[in-house]
Amino acid sequence: MASAEDQAAAAALLGGDPAAFDALLSTLMSASNADRAAAEAAFHRLRGSHPEPLALRLASSVAAPSTPAELRAMAAVLLRKLLSPTPSPDSSNAAPAPLWPLLSPAGQNALKAHLLNALQSDPPKPIAKKVCDAVSELATLLLPENTWAELLPFLFQAASTPDAPNLQESALLIFARLADYIAESLLDHLMTIHNLLASALAHPTSPDVRIASLSAAVNLVQCLPTNSDRDKMQDLLPAMMRALTDCLNSSQEASAQEALELLVELAGAEPRFLRRQIADVAGAMLQIAEATQLEDGTRHMAVEFVITLAEARERAPGMMRRLPQFVGRLFQVLMQMLLDVEDDPAWHTAETEDEDAGEGNNYGVAQECLDRLAIAIGGNAVVPIASELLPQYLSAPEWQKHHAALITLAQIAEGCAKVMLKNLEQVVSMILNGFQHPHPRVRWAAINAIGQLSTDLGPDLQVQYHQKVLPALANAMDDFQNPRVQAHAASAILNFSENCTPEILTPYLDGIVGKLLVLLQNGKQMVQEGALTALASVADSSQDHFKKYYDAVMPYLKAILMNATDKSNRMLRAKSMECISLVGMAVGKDKFRDDAKQVMEVLMALQGTPMETDDPITSYMLQAWARLCKCLGQDFLPYMSVVMPPLLQSAQLKPDVTITSAESDDEIESDDDDSIETITLGDKRIGIRTSVLEEKATACNMLCCYADELKEGFFPWIDQVAPTLVPLLKFYFHEEVRRAAVAAMPELLRSAKLAVEKGQAQGRDESYVKQLSDFIIPALIEALHKEPETEMCSSMLDSLNECMQISGRLLDENQVRAISDEIKNVIIASATRKRDRSERTKAEDFDADEGELLKEENEQEEEVFDQVGECLGTLIKTFKASFLPFFDELSVYVTPMLGKDKTAEERRIAICIFDDIAEQCRESALKYYDTYVPFLLEASNDDNSDVWQAAVYGLGVCAEFGGLTFRPLVGEALSKLNNLIRHPEAQHPDNIMAYDNAVSALGKICQFHRDGIDAAQVIPAWLSCLPIKDDKIEAKVVHDQLCSMVERSDTQVLGPHSQYLPKIVSIFAEVLCNGKELATDETTNRMINVLKRFQQTLPPDFLASTFSTLQPQQQLMLQSILST
């Protein structure tokens, strides 16, 4: 109950005289915090005690032209917030109940009338916009319930009134905002809407009406449910484009940019709507992009439109590749925009690598768009255009054109990698010529291009051109007149060596390490930082080969770590940590141990020092500690108590998130701040501070590293780390955080299990592992269910599989049920994604390039199914026959994967699942033979050797465990195996694993179904294939099997009159010559005993003639064995 005092205050504010209420509105905008806070408190009290009078007073203030303009605007904003069905993100957690249901029917009607009257009173533009917001907010509540019958007729009427352009604009803006809610109800009136929009798009005097109409048209097209409905709006497109060109022709560029923004939205959401008139639309946009007299912002939006269409692969695959002339024009525009660069002295004297002095607005946009265009359209479309333009730029006198050409090469490399690799010599020579250019910015761009291509075209570039590229980079490091060039050359060494084998790098190490040490001592700070990064990378890539430089390099690194204590040297010191830890890992614990102690003392001292939030040392130190741990292994354990507290703190950082309405005028602070990333989700705009997320991701990765490296030694930290990381399995703000949390799950379980097994678990027993497993596995299943990224689904399944292997039979029935259900969901979701992709193949412009991209996406899907197969394999191996009731439910999803219409990989995985069931469940699996064995027999002739291998392995398993059920199939199985073994390509490297498995399966038929075969034919055929050498697992099985048969003097194996004995001896000799590769120790010893028995029991001349057929090395080895 409100107090008498509150009642009196409310009566005064909401009474007949509006002055008191106007004063309250005015104070709500006060610059004084105290006054504003008091007014807000009074407003909240009114909302609680007198919701209806408050809402109506606000509405009448908005509707009354006599209310001062700024108060009308404020009243409209407050009214919208009161009507909003969700509390605004900045409101307190205890959000008040929605206001609308608290109003009486009369109050509701009065409020609706006030709002529509306010629009009709022709308020100034800013107020009209805010009233539109309030009307839209209320309409989103009422239209789904059909409780604002008068709104749509009002809007139709107002939107058809060209004589009142402000009212017409407001009505169209509301239409645009409500398109989602009214599209269905407008389907019967589409032609009326169409004509209304056509007329408003051509408004004779008001560009604002034309833009509002464009906004309504764009939103409506996106919200219509079917293509045929959208087609009815198709002929509005010329008028929509005219709304844009009219603005440009009358020099109203601000309106033109609004129009472009809307059309970009349409291109992204419904590109096919533009398809029929694509040539006209894209042509008009390119004209705008080419018009240098227009503002940069206008041209950039036109470029964005064409790029967005190129990127609309899912909705309109291949559409823009059908228009090579437009791609060519766009490419030309982007290369010209790269010329927006001047030789600013600040670039040369810069202290940091990211100083971009002299680069104009167009330069950055062109860089980004070239990258996006190449990725979207691909090398087949882009490289021919680039091949025409680049030589023209490189033969021009202006340095800017050489610079632009080299920047272009770097930007298109990722998207054009496959095609550029075919022309690698031409590309590399273009870039290396740039190393000789007199202008330092061109040399910088050439180095930049080599760095980028080392990443995008590696390792081919490194393998084929190291002898040209590395000396060129080494020379660039001598350019002491141009520190920017020196520093960038060092950075490019980093890119080059990351994709490089030690064999390629080692011959150049003397020169490179020597030069980097010179830069460390004599360069500017930026050059020193580059040299440190390059040294770290070279050490990482050359590994053991770096030992010879260790004694020369480490003193310099330690000196920087210990002396670079000034704030201006923070990054230098951070990079010295990175370099020391990577060098330590490269040379190994023994070489590094003494220095490691000193380094860790410095790090421990630093750890205790308070640091500023933007200090890079924090993140570098987290990573350096983890590398030191990898290098020192268990010797690192004493430092864990220093390392873990700050690491946990970083891993527990809360994301710094700001949420505003996507429509609101409140900009998220620091929009121009690189560290804030803004995304729009539905009607909300979310700003996230990326630096916080990156620190969190690094910390999570490090936790995973420690658990992986220290195994049971990590046990003391599990109770803190598990509750930190498990919730992050669903951390959707940052993929790297999720990835690290996923990877850590099995590591934590393994650490706990090993600690319990080794008695290092502080008195805990297996029940602790069970408890941890019960915490992790359900969380992984739930995260998998909600995971939006296909690649991450694979990682989660992989992690789940490892966790199941570690937990084993600690999993209970409910968990097995939950895992099976989720596997079912994963298979269904994957099939749905594949079906959606196959729909794309039916698009009019679908082409080979799109087919290639689609294939890559489907390969990712195969990876998911592969992990499903692994998970099922683990469940089958762990629970054997008791898993079969779960498998029966899943089999309706697995069996179709055997179909001819499925990919080879899907067929292989489905066969492997059955192989596991037959092998692990034995008699219990016999009921599946009728369904699966025909598939195995058919798949033995598959075109794909991996499918053959899985199929013939399965036939071997069925021969071993199938007993009478398999007996009727022996004849057909033999025939299939025989065909495969005798195939002319059977022992080709691609097929050899399948061949070995076929030989193994043949052996099992010889062993378990002897009476169902013609042994005199089959056994010698089998022996002639032995030994098998490539599938090491099957080799051990087969050779053991042969040894057993010989031990029991199997007459059919020894042959009539022991005629197969020489072959058997030669098989044994070859197996024994291969050490432990082809037989277990036990089998090897048994083979030696058999040979010794032969020596004692067989006539000497028989044995001598048998030995004479062996290779000299085998003879020597057998003599040595038999003489001991």
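Residues numbered from 1 in each chain as written. Predicted model: local features only at pLDDT ≥ 70, side-chain atom pairs only at ≥ 80, totals over all residues. Heavy atoms only, no water.

Chemist: Provide a residue-level description of the overall build of the protein, including the pertinent values.
Modeler: A count of helices and strands for the protein gives 54 helices and three strands. Structurally, the protein occupies a C-alpha span of about 125 × 75 × 65 Å along its principal axes. Per-residue burial for the protein yields a buried fraction of 54% across its 1124 residues. Contacts spanning at least 24 positions in sequence make up 72% of the contacts within the protein whose residues lie at least 6 apart. For the protein, the accessible surface area stands at approximately 48000 Å², while carbon and sulfur atoms represent 51% of it. (Helix = DSSP H or I, 4+ residues; strand = E, 2+ residues; numbered from the N terminus. Buried < 20%, exposed > 50% of the residue type's maximum accessible area, 1.4 Å probe, protein only. Contact = heavy atoms within 4.5 Å. Areas by Shrake-Rupley, 256 points an atom, 1.4 Å probe, with all protein chains shown as cover.)

Chemist: Break down the nonpolar core for me, with residues and values.
Modeler: Among the nonpolar cores identified, the biggest contains 413 residues, and Phe-636, Tyr-706 and Phe-714 are the most heavily contacted of them. The dominant element in this core, judged by the number of residues it contributes, is helix α21 (residues 399-422), at 13 residues. Residues within four places of Tyr-706 in sequence aside, it is in contact with Leu-622, Trp-625, Ala-626, Cys-629, Phe-636, Met-640, Val-643, Met-644, Leu-647, Lys-711 and Phe-714. (Core = buried A, V, L, I, M, F, W, Y, C linked by side-chain atoms within 4.5 Å.)

Chemist: Describe the pattern of salt bridges, with residues and values.
Modeler: Within the structure shown, the criterion is met by 54 salt bridges. Here Glu-802 and Arg-750 are joined by a salt bridge, their closest N and O atoms 2.6 Å apart. Of the two residues, Glu-802 is situated in helix α38 (residues 790-807) and Arg-750 in helix α36 (residues 735-757); the sequence distance between them amounts to 52 residues. Here Glu-802 falls in the partly exposed class, since its relative accessible area comes to 24%. (Salt bridge = Lys/Arg side-chain N within 4 Å of Asp/Glu carboxyl O.)

Chemist: Got a sec to walk through unusual backbone geometry? Specific residues and values, please.
Modeler: A cis amide bond, omega 0°, links Gly-458 with the succeeding residue Pro-459. Here Pro-459 shows up in the loop between α23 (440-456) and α24 (460-476). If you check the backbone angles, Ser-251 has positive phi at about 55° while not being a glycine. The residue Ser-251 is located in the loop between α13 (237-249) and α14 (253-269) in this model. Judged by relative accessible area, which is 62%, Ser-251 ranks as exposed. In this model, Gln-543 sits at a positive phi of 50°, which is unusual for a non-glycine residue.

Chemist: So what's going on with the environment of Met-571? Which residues, and what values?
Modeler: When you line up the elements, Met-571 lands in helix α30 (residues 570-587). Sequence separation between Met-571 and Asp-765 is 194 residues, and the spatial gap between their C-alpha atoms is 46 Å. The contact partners of Met-571, leaving out residues within four places of it in the chain, are Glu-529, Pro-616 and Tyr-620.

Chemist: Please set out the packing of aromatic side chains residue by residue, giving values where relevant.
Modeler: Overall, the coordinates contain 13 aromatic pairs when judged by the stated rule. The interplanar angle of 55° and the centroid separation of 5.7 Å between the aromatic rings of Phe-546 and Tyr-549 together place this pair among those described as tilted. One exposure class covers both Phe-546 and Tyr-549, and it is buried. Aromatic side chains Phe-883 and Phe-886 sit 5.8 Å apart centroid to centroid with 20° between the ring planes, which places their arrangement in the stacked category. One aromatic cluster in this structure is built from Trp-625, Phe-636, Tyr-639 and Tyr-706. We note Lys-401 situated over the ring of Tyr-393; from NZ or CZ to the ring centre the distance is 5.4 Å. (Phe/Tyr/Trp six-rings, centres within 6.5 Å; stacked < 30°, edge-to-face > 60°. Lys NZ or Arg CZ within 6 Å of the ring centre and 35° of its normal.)

Chemist: Summarise the confidence of the model for the protein; cite the residues concerned and give the values.
Modeler: Averaged over all residues, the pLDDT of the protein is 88; the fraction at 70 or higher stands at 95%. Note that residues 87-93 has pLDDT below 50 and, in this model, two contacts with residues that lie over four places away or in other chains. Here residues 665-673 is modelled with pLDDT under 50, and outside its nearest four sequence neighbours on either side it reaches 15 contacts, counting other chains as well. (pLDDT = per-residue confidence, 0-100.)

Chemist: Can you explain the packing of α21 against α23? Please cite residues and give values.
Modeler: Two numbers describe how α21 lies on α23: the axes approach to 8 Å, and their chain directions differ by 5°. When the interaxial angle is binned, α21 and α23 end up roughly parallel. Here Trp-399, His-402, His-403, Leu-406, Ile-407, Leu-409, Ala-410, Ala-413, Glu-414, Ala-417 and Met-420 of α21 come into contact with α23, specifically with Arg-441, Val-442, Trp-444, Ala-445, Ala-446, Asn-448, Ala-449, Gln-452, Leu-453 and Asp-456. (Axes fitted to C-alpha atoms, helices over the stretch in contact; angles between N-to-C directions. Parallel < 35°, antiparallel > 145°, perpendicular 65-115°, else oblique.)

Chemist: Please give an account of the packing of α36 against α38 that cites residues and values.
Modeler: Helix packing for two helices is described by the angle between their axes and how far apart those axes are. Remark: α36 packs on α38, axes separated minimally by 9 Å, with the N-to-C direction vectors making an angle of 10°. Considering the angle they form, α36 stands roughly parallel to α38. Here Glu-735, Arg-738, Arg-739, Val-742, Met-745, Pro-746, Leu-749, Arg-750 and Lys-753 of α36 come into contact with α38, specifically with Glu-791, Met-792, Ser-795, Met-796, Ser-799, Glu-802, Cys-803, Gln-805, Ile-806 and Ser-807.

Chemist: Give a description of helix α44 (residues 945-961) that names residues and reports values.
Modeler: Relative to the 24 Å expected for 17 residues at 1.5 Å per residue, α44 spans 24 Å between its end C-alpha atoms, a close match to the ideal helical length. Most of α44 sits out of view: 13 of its 17 residues are buried. Between the side-chain oxygen of the N-cap and the backbone nitrogen of Asp-946 there are 2.8 Å, and the N-cap of α44 in question is Asn-944. Among the residues trailing α44, Gly-963 stands out with phi positive, at a value near 50°. (Expected span 1.5 Å × (residues − 1). Polar contact = N/O pair within 3.5 Å; in protein donor to acceptor, adjacent residues only side chain to side chain.)

Chemist: So what's going on with a negative patch on the surface? Residues and values would help.
Modeler: Residues Glu-789, Glu-791, Asp-798, Glu-863 and Glu-870 make up a contiguous surface patch of negative charge. Taken together, the elements giving at least two residues each to the negative patch come down to α38 and α40 (848-879). You can see Glu-870 is positioned in helix α40. (Patch = residues over 30% accessible without salt bridge, like charges linked within 9 Å, V, L, I, M, F, W, Y side chains within 5 Å. Lys, Arg positive; Asp, Glu negative; His and termini not counted. Charge placed at Lys NZ, Arg CZ, Asp CG, Glu CD.)

Chemist: I'd like a description of the state of the cysteines, backed by residues and values.
Modeler: Taken as a whole and judged by the stated rule, the model has zero disulfides. With no disulfide of its own, Cys-871 has Cys-803 as its nearest cysteine by sulfur position, at a separation of 9.9 Å. Counting only cysteine sulfurs, Cys-1006 is the nearest neighbor of Cys-1025, a cysteine outside any disulfide, at a range of 9.9 Å. When its relative accessible area of 9% is taken as the criterion, Cys-1025 is described as buried. (Disulfide = S-S within 2.5 Å.)

Chemist: Let's hear about helix α15 (residues 278-290): which residues, and what values?
Modeler: Here α15 is 13 residues long and its end C-alpha atoms lie 18 Å apart, about the 18 Å a rise of 1.5 Å per residue gives. Those residues of α15 that sit buried are Ile-278, Val-281, Ala-282, Gly-283, Ala-284, Met-285, Leu-286, Ile-288 and Ala-289.

Chemist: Could you give an account of the environment of Ala-741, with specific residues and numbers?
Modeler: Topologically, Ala-741 is positioned in helix α36. Accessibility expressed as a relative area gives 0% for Ala-741, which makes it buried. Residues within four places of Ala-741 in sequence aside, it is in contact with Leu-725, Leu-728 and Leu-729.

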